[in-house]
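Summary of structural features
So the chains spell out like this:
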Amino acid sequence: PDDMDISTTRVKKTASEKAQIIKAMQKNDFLSRLDEEQISMMVELLTSLDCCPGDEIIKEGTEGDSMYIVAAGELQVTQAGRILRTLTSGDVFGELAILYNCKRTATVKAVKAVKLWCIERQIYRSIMAIKSKKKREQL
Ligand code: CMP
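Remember, predicted model here, so these are calculated numbers, not experimental data. (Residues numbered from 1 in each chain as written. Predicted model: local features only at pLDDT ≥ 70, side-chain atom pairs only at ≥ 80, totals over all residues.)

Bringing the pairing of strand 5 (residues 82–87) into the picture now. Both strand 4 (residues 75–79) and strand 5 contribute to a ladder of five bridges, which runs antiparallel. Within the sheet, the bridge partner assigned to Gln79 lies in strand 5 and is Arg82. Here strand 4 hands over to strand 5 after two residues, with Ala80 in that stretch at a positive phi of 50°. (Pairing = 2+ DSSP bridges. Helix = DSSP H or I, 4+ residues; strand = E, 2+ residues; numbered from the N terminus.)

All right, on to the site of the ligand then. Among the 14 residues in the neighbourhood of the ligand, the closest are listed as Phe93, Leu96, Ala97, Thr105 and Ala106. Those elements that place two or more of their residues in the shell around the ligand are strand 5 and helix 3 (95–100). Here the element with the most residues in the shell around the ligand is helix 3; it accounts for three residues. (Near = placed C-beta within 6 Å.)

By the criterion of burial, strand 3 (residues 66–72) is predominantly enclosed, with six of the seven residues buried. By the bridge criterion, six bridges tie strand 3 to strand 8 (residues 114–120) in an arrangement that is antiparallel. When the sheet's bridge partners are listed, Ser66 is paired in strand 8 with Glu120. Sheet topology note: the strand 3/strand 6 (residues 92–93) ladder contains two bridges and is antiparallel. (Buried ≥ 20, exposed ≤ 12 C-beta atoms within 10 Å, placed from the backbone.)

A separate point is the nonpolar core. Formed by 25 residues in total, the largest nonpolar core has its most connected members in Met42, Tyr68, Ile69, Val70, Leu116, Trp117 and Ile119. Sorting the residues of this core by element identifies helix 1 (15–26), helix 2 (36–45), strand 2 (56–58), strand 3, strand 7 (107–110), strand 8 and helix 4 (121–138) as the ones contributing at least two each. Once residues within four sequence positions are removed from consideration, Ile119 is found in contact with Met42, Leu45, Leu46, Ser66, Met67 and Tyr124. (Core = buried A, V, L, I, M, F, W, Y, C linked by C-beta atoms within 7 Å. Contact = placed C-beta atoms within 7 Å.)

Another aspect to go through is the sheet that holds strand 5. Note: strands within a sheet are paired through backbone hydrogen bonds, in either parallel or antiparallel orientation. The strand order across the open sheet built from four strands is 2-7-4-5, with neighbouring strands paired in antiparallel fashion. On the outer flanks of this sheet lie strand 2 and strand 5, each paired with one strand and no other. On average, adjacent strands in this sheet sit at an angle of 30° to one another, irrespective of strand direction. Sheet analysis places strand 2 next to strand 7, joined by two bridges and oriented antiparallel. (Axes fitted to C-alpha atoms, helices over the stretch in contact; angles between N-to-C directions.)

For the chain, mean pLDDT is 91; residues scoring 70 or higher make up 91% of the total. Note on the complex model: pTM 0.90, ipTM 0.98. (pLDDT = per-residue confidence, 0-100.)

Okay, structure coming up:
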């Protein structure tokens, strides 16, 4: 079944990195709804991305394919040039386009050197599909 087709490059994480990722997921509205199996898959499948100050990770109005957890550094969320929020370690962003299939609602730029954990839409979907598959089997 295609909901089991999860193939990506595994990125090793230290225990403290894993703990930080789980903590970030727990304080996020929708990621906190994942069950234990989904959380550990997500932790396993997140890839890492390093950005320099000034890098534009997300551009408002474009198609979006990934969502991100901030591991370190600082980013700025803007809409039509207006600053909405500063993001730091433990914050999740880029989830709206993935969840609601919409265009990117804002621009996200690195203000300092940034380390991100990222997950692609398809992989996120596959992880979500595990839960619905289990639920269907329980019926
Ligand atoms: P997405 O729309 O996928 O891409 C831009 C991201 O910026 C969005 O997901 C949110 O994660 C974030 N974002 C959008 N609007 C706000 C806001 N008002 N405050 C904080 N973050 C936001």
